[in-house]
Amino acid sequence: MSTHLLNAALTAAEHGWCVFPLRPGGKPPALHGERACTRSGECASGHRKWEQRATTDPDRIRAAWSRAPFNVGIATGPSGLVVIDLDTPEHKGSADAPDGATTFRALCERAGHPVPDTCRTRTPSGGTHLYFTAPPGVRIGSTAGTIAASVDTRAWGGYVVAAGSVTPAGAYEALSAPVAAPLPSWLQSILRPAPRTPQAPSMAVAGQSRRYADVALTAEARNVATAQLGSREAALFRAARALGRFVAWGDLPRHVVEEALQEAGEATGLTVAECRSTLRSALDWSISHNQQRRGNAA
């Protein structure tokens, strides 16, 4: 057991942030997937994903982190958080673009507000996470590029790696006290989705589509990870095109698709920049061309 990582998980939980284990030395969740679920214990009434299983219970945290040196994930939605991810341009596949911090600072200036003073964490890549408390009674989803280029957010459907976690690229480092300021109203107006007028699909259809989306994500990530030399980038492109429709329909968060395919692409030998560039273009195209759900997801 790593006392350092256990303490990082307990510290986050003390601030009301719901945590769950990430793979040792990595960022993907360490919890079992739906296919491997035994429908017992916490999953007795049905498979529970990481967002549902994240907890602030110190006993459950100690039990989990006694098994392995897990990194610490914070489920932002259940924690009542909105985290703004200010990324570095090379992490997005475009080293010539301004970084997320510069872009966000310019956005604040145009809006007539200072850069908010709140809890901050530095990522191993040199980016920054800004933590905010979500407004009560408002459900905000995660976004990618909605605020600005190289500026993503993690809220419902997303998670961040907590300070104290360590990857081969380095550690996540707390830059301030863990006190999150309320999300500024002008940022909320950008992130809060506008009301939709078209009739939403029935709960049965929506549930079926989400289940199909989860299966498709697993299958496409496997296709990329097993692609042969000479066809790896094409496989990544096809997978992103195929999964982009589920992002457009709200069945899968974009960052979940990006992280799964990024990991699979890098596992085949593609570089970080190659994966990022391919994923961005393919997902952007697919999302823009699949705004209307056509029939059943299957």
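The rules behind each value
Residues numbered from 1 in each chain as written. Predicted model: local features only at pLDDT ≥ 70, side-chain atom pairs only at ≥ 80, totals over all residues. Heavy atoms only, no water. Helix = DSSP H or I, 4+ residues; strand = E, 2+ residues; numbered from the N terminus. Buried < 20%, exposed > 50% of the residue type's maximum accessible area, 1.4 Å probe, protein only. Contact = heavy atoms within 4.5 Å. Areas by Shrake-Rupley, 256 points an atom, 1.4 Å probe, with all protein chains shown as cover. Salt bridge = Lys/Arg side-chain N within 4 Å of Asp/Glu carboxyl O. Pairing = 2+ DSSP bridges. Axes fitted to C-alpha atoms, helices over the stretch in contact; angles between N-to-C directions. Polar contact = N/O pair within 3.5 Å; in protein donor to acceptor, adjacent residues only side chain to side chain. Phe/Tyr/Trp six-rings, centres within 6.5 Å; stacked < 30°, edge-to-face > 60°. Lys NZ or Arg CZ within 6 Å of the ring centre and 35° of its normal.

Novice: I'd like a description of the overall build of the protein, backed by residues and values.
Specialist: Looking only at helices and strands, one finds nine helices and 12 strands in the protein. Counting only residues that meet the buried cut, the protein has 46% of its 298 residues in that class. Residue pairs at least 24 apart in sequence account for 74% of intrachain contacts in the protein once pairs closer than 6 positions are excluded. Split by element, the accessible area of the protein, about 14600 Å² in all, is 53% carbon and sulfur.

Novice: Lay out the pattern of salt bridges with the relevant residues and their values.
Specialist: Enumeration over the complete set of coordinates arrives at six salt bridges. Residue aspartate 59 pairs with arginine 62 through a salt bridge whose shortest N-O separation is 3.7 Å. Here aspartate 59 pairs with arginine 62, and both are found in helix 3 (residues 58–65), just three residues apart, close to one helical turn. With a relative accessible area of 57%, aspartate 59 lands in the exposed category. For arginine 62, a relative accessible area of 42% puts it in the partly exposed group.

Novice: Report on the environment of leucine 217, specifying residues and quantitative values.
Specialist: The topology assignment puts leucine 217 in helix 6 (residues 203–225). On the basis of relative accessible area, leucine 217 is assigned to the buried category, the value being 12%. Note: C-alpha distance between leucine 217 and phenylalanine 246 (29 residues apart in sequence) is 9.3 Å. Aside from chain neighbours lying at most four places away, what touches leucine 217 is Leu243, Leu252, Val256, Val257 and Ala260.

Novice: Describe in detail the sheet that holds strand 8 (residues 159–161), supporting the description with residues and values.
Specialist: Ordered by their spatial adjacency, three strands build an open sheet running 1-2-8, and the pairing between neighbours is antiparallel. Looking at strand neighbours, the two that pair on one side only are strand 1 (19–22) and strand 8, the edges of this open sheet. Within the sheet, the average angular offset between the axes of one strand and its neighbour, ignoring direction, is 35°. Where strand 2 (residues 71–75) lies against strand 8, three bridges are found, and the strand directions are antiparallel. If you follow alanine 75 over to strand 8, its bridge partner there is tyrosine 159. Contacting strand 1 and strand 2, helix 1 (residues 3–14) runs over the sheet at an angle of about 15° to strand 2.

Novice: Please provide a residue-by-residue account of the side chain of threonine 118, values included.
Specialist: Considering the arrangement of structural elements, one finds threonine 118 in the loop between helix 4 (100–111) and strand 4 (120–122). You can call threonine 118 buried: its relative accessible area is 5%. A distance of 2.4 Å separates a polar side-chain atom of threonine 118 from the backbone oxygen of tyrosine 131. Within the structure, the side chain of threonine 118 is placed 2.8 Å from the backbone nitrogen of alanine 181, a separation counted as a polar contact. Apart from the residues lying within four places of it in its own chain, the contact partners of threonine 118 are Leu130, Tyr131, Phe132, Ser176, Val179, Ala180 and Ala181.

Novice: Go over the pairing of strand 5 (residues 128–133), please, and point to the residues and values.
Specialist: Most of strand 5 sits out of view: five of its six residues are buried. Where strand 3 (residues 81–86) and strand 5 come together, six bridges link them in antiparallel fashion. In the strand pairing of strand 5, leucine 81 is matched with threonine 133. In this sheet, strand 5 lies alongside strand 4 in antiparallel orientation, the contact comprising three bridges. If you follow threonine 121 over to strand 5, its bridge partner there is histidine 129. In this structure, the hairpin formed by strand 4 and strand 5 is closed by a connection of five residues, where glycine 126 is found at a positive phi of approximately 100°.

Novice: Explain the packing of aromatic side chains residue by residue, including any values.
Specialist: For the coordinates displayed, the defined rule picks out six aromatic pairs. Aromatic pair phenylalanine 20 and tryptophan 50: ring centres 5.1 Å apart, planes at 25°, arrangement stacked. Placement of phenylalanine 20 in strand 1 and of tryptophan 50 in helix 2 (residues 50–53) is noted, with a sequence separation of 30 residues between them. You'll find phenylalanine 20 and tryptophan 50 in the same group, each marked buried. An angle of 90° between the planes, with centres 6.3 Å apart, marks the rings of tryptophan 65 and phenylalanine 70 as edge-to-face. For tryptophan 65, a relative accessible area of 2% translates into the label buried. With a relative accessible area of 14%, phenylalanine 70 lands in the buried category. The residue whose ring lies beneath arginine 139 is tryptophan 156, and the NZ or CZ to ring-centre distance is 4.0 Å. The ring centre of tryptophan 285 lies 3.7 Å from the NZ or CZ of arginine 241, which sits over that ring.

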